[in-house]
Amino acid sequence: MNNPTVLCIVRLYDPYGNMVANADVQAKLSAPATDQGYTIPEQISGVTDEFGHCLLRLWPNARGAQPTNYKFTMTNPD
């Protein structure tokens, strides 16, 4: 069985509506979780491209044994 992840697109803009390139993006689960023997990574990281986009493969929250949520943290390189 392949990891049943979902490809998510994060689009990051500054308060003025400008795309933010090279920003660190982190998605962290609210609690440790497992799914059919897989340990779900508690944190997934990425970096935005020149258009302010970042692709993250996240575990679907509904598949976990308990309800969880992702908290996103983005750090502007400026």
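This text follows the structure it describes.
Residues numbered from 1 in each chain as written. Predicted model: local features only at pLDDT ≥ 70, side-chain atom pairs only at ≥ 80, totals over all residues. Heavy atoms only, no water.

Enquirer: Outline the overall build of the protein, listing residues and values.
Expert: Secondary structure assignment for the protein yields 0 helices and 7 strands. Taken from the N to the C terminus, the helices and strands of the protein come in the order β-β-β-β-β-β-β. The buried share of the protein, reckoned over its 78 residues, is 29%. Considering only contacts within the protein whose residues lie at least 6 apart along the sequence, 65% involve residues at least 24 apart. (Helix = DSSP H or I, 4+ residues; strand = E, 2+ residues; numbered from the N terminus. Buried < 20%, exposed > 50% of the residue type's maximum accessible area, 1.4 Å probe, protein only. Contact = heavy atoms within 4.5 Å.)

Enquirer: Go over the pairing of strand 2 (residues 24-29) with me, naming the residues and quoting the values.
Expert: Burial along strand 2 is one-sided: the face carrying Val-25, Ala-27 and Leu-29 is buried and the face carrying Asp-24, Gln-26 and Lys-28 is not. Relative to strand 5 (residues 43-47), strand 2 is paired through 5 bridges, and the arrangement is antiparallel. By the bridge assignment for strand 5, Gln-26 is matched with Ser-45. Pairing of strand 2 with strand 7 (residues 70-75) involves 6 bridges; the strand directions are antiparallel. The partner of Ala-27 across the bridge, within strand 7, is Phe-72. (Pairing = 2+ DSSP bridges.)

Enquirer: Which residues make up the sheet that holds strand 7, and what are the values?
Expert: With antiparallel pairing, the 3 strands of this open sheet are ordered in space as 5-2-7. Edge positions in the sheet fall to strand 5 and strand 7, since each has one partner strand and no second. Each neighbouring strand pair of the sheet contributes to a mean axis angle of 15 degrees, computed without reference to strand direction. (Axes fitted to C-alpha atoms, helices over the stretch in contact; angles between N-to-C directions.)

Enquirer: Give me the lowdown on the nonpolar core, citing residues and values where you can.
Expert: If you look at the biggest cluster of nonpolar residues, it comprises 12 residues: Val-10, Val-25, Ala-27, Leu-29, Ala-33, Ile-40, Ile-44, Cys-54, Leu-56, Leu-58, Trp-59 and Tyr-70. Sorting the residues of this core by element identifies strand 2 and strand 6 (53-58) as the ones contributing at least two each. Excluding anything up to four places from it in sequence, Leu-56 contacts Val-6, Leu-7, Cys-8, Val-10, Val-25, Ala-27, Ile-44, Ser-45, Gly-46 and Phe-72. (Core = buried A, V, L, I, M, F, W, Y, C linked by side-chain atoms within 4.5 Å.)

Enquirer: Describe the packing of aromatic side chains, with residues and values.
Expert: Applying the stated criterion across every chain yields a total of 1 aromatic pair. Between Tyr-70 and Phe-72 the ring centres are 6.5 Å apart and the planes differ by 45 degrees, which places this aromatic pair in the tilted class. On the basis of relative accessibility, which here comes to 36%, the residue Phe-72 falls in the partly exposed class. (Phe/Tyr/Trp six-rings, centres within 6.5 Å; stacked < 30°, edge-to-face > 60°.)

Function-wise, these values are silent; they only describe arrangement.
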